[in-house]
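Next come the chains, spelled out residue by residue.
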Amino acid sequence: MYKFIVACFILTICSFTQLYADFDIPPEKSESELYEESVKLFDNKQYKQAIRAFQKIEDLYPFSYWAMKAKLLSGVSSYNMGDYSRAASSMDDYIQIYSNGEDLPYVYYLRVSSYYMQINKADLGQQIAYKTLELATEYINLFPESQYANEIQEKVELVTEHILTKEYSIGQFYLRRGEYLAAIKRFQNIVNYNNPNYLPKSINNLIVAYSALGLDLEVKQYESMLEELQLAS
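The following paragraphs examine the structure supplied in this document. (Residues numbered from 1 in each chain as written. Predicted model: local features only at pLDDT ≥ 70, side-chain atom pairs only at ≥ 80, totals over all residues. Heavy atoms only, no water.)

**Section: the nonpolar core**
Considering soluble globular proteins, one finds that nonpolar side chains tend to be buried as a cluster.
Okay, step 1: Counting residues in each nonpolar core, the largest one holds 37 residues, and the members touching the most others are Phe-42, Phe-54, Leu-73, Tyr-94 and Tyr-139.
Okay, step 2: Among the secondary structure elements, those contributing two or more residues to this core are α2 (31-43), α3 (47-60), α4 (65-80), α5 (84-97), α6 (104-116), α7 (127-142) and α8 (149-176).
Okay, step 3: Ranked by residues supplied to this core, first place goes to α6 with 7 residues.
Okay, step 4: Setting aside chain neighbours within four positions, we find Phe-54 in contact with Tyr-35, Ser-38, Val-39, Phe-42, Ala-70, Leu-73, Ser-74 and Ser-77.
Okay, step 5: Ile-190, Ala-209, Val-219 and Tyr-222 belong to the second largest nonpolar core, which has 20 residues in total. (Core = buried A, V, L, I, M, F, W, Y, C linked by side-chain atoms within 4.5 Å. Buried < 20%, exposed > 50% of the residue type's maximum accessible area, 1.4 Å probe, protein only. Helix = DSSP H or I, 4+ residues; strand = E, 2+ residues; numbered from the N terminus. Contact = heavy atoms within 4.5 Å.)

**A look at unusual backbone geometry**
Keep in mind that most residues, glycine aside, have a negative phi and that most peptide bonds are trans.
Okay, step 1: At Lys-45, a residue that is not glycine, the phi angle is positive and equals roughly 65°.
Okay, step 2: Summarising the element assignment, Lys-45 is placed in the loop between α2 and α3.
Okay, step 3: Phi is positive for Asn-194, which is not a glycine, with a value near 55°.
Okay, step 4: With respect to the element layout, Asn-194 can be found in the loop between α9 (180-191) and α10 (199-212).
Okay, step 5: For Asn-194, a relative accessible area of 54% puts it in the exposed group.

**Overview of the pattern of salt bridges**
Okay, step 1: With the rule as written, the count across this model stands at 10 salt bridges.
Okay, step 2: Across the salt bridge formed by Asp-103 and Lys-69, the nearest N and O atoms sit 3.0 Å from each other. Taken together, the residues Asp-103 in the loop between α5 and α6 and Lys-69 in helix α4 connect sequence positions 34 residues apart. Per residue, the accessibility class of Asp-103 equals that of Lys-69, and both read buried.
Okay, step 3: In this structure, Asp-93 and Lys-71 form a salt bridge, with 3.9 Å as the shortest nitrogen-oxygen distance. (Salt bridge = Lys/Arg side-chain N within 4 Å of Asp/Glu carboxyl O.)

**A look at the side chain of Ser-64**
Okay, step 1: Checked against the element boundaries, Ser-64 lands in the loop between α3 and α4.
Okay, step 2: Ignoring anything within four residues of it in the chain, the contact list for Ser-64 reads Glu-31 and Tyr-98.

Written out as structure tokens, the structure is:
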């Protein structure tokens, strides 16, 4: 009886195997085929669908060549959609996972651009602006001969001007309100950049703020600094 049951079970398995073989089910698509389909979505500006398709490649074939390319175009898709935060995150992931990737100069460039596009004039702390400046400076050091180096250098100058203008404006706001410590912090940030357009007037404001606090030693320090600037000019 036992042998009969086993024989029936084996026969059933064989029948199901033959049945599915007769359907001629196609094999799973290769990663290159999936990538080509994803790129078509990208080229047609169907970015949301493209991102999902690129993610599928990363899930099915992690750390492969095509997963690396998919990660890049996924970030570009997010950037083209105006989702700069997600684009920056994708580029961060690329740099961490594919530290020797063939597209690194462009990846670093896109990361800088993604942060640059997020700079918010209402951001009093200016964290994004400072982060953008840090990443842009890093880019120039890493890829001085890159085709994007001049554009990144322009961004450095624009972001620096943005930071200085904002810091000075906020510093003046605090100074007028009598919030001298907060004002001092902003003007000291400007002094650290040694920018000729903002340095003298920032030092003047530091002298005013420290005088209001009765800190004579600091007042003399910045008065000496101001005198040196005037002599140099």
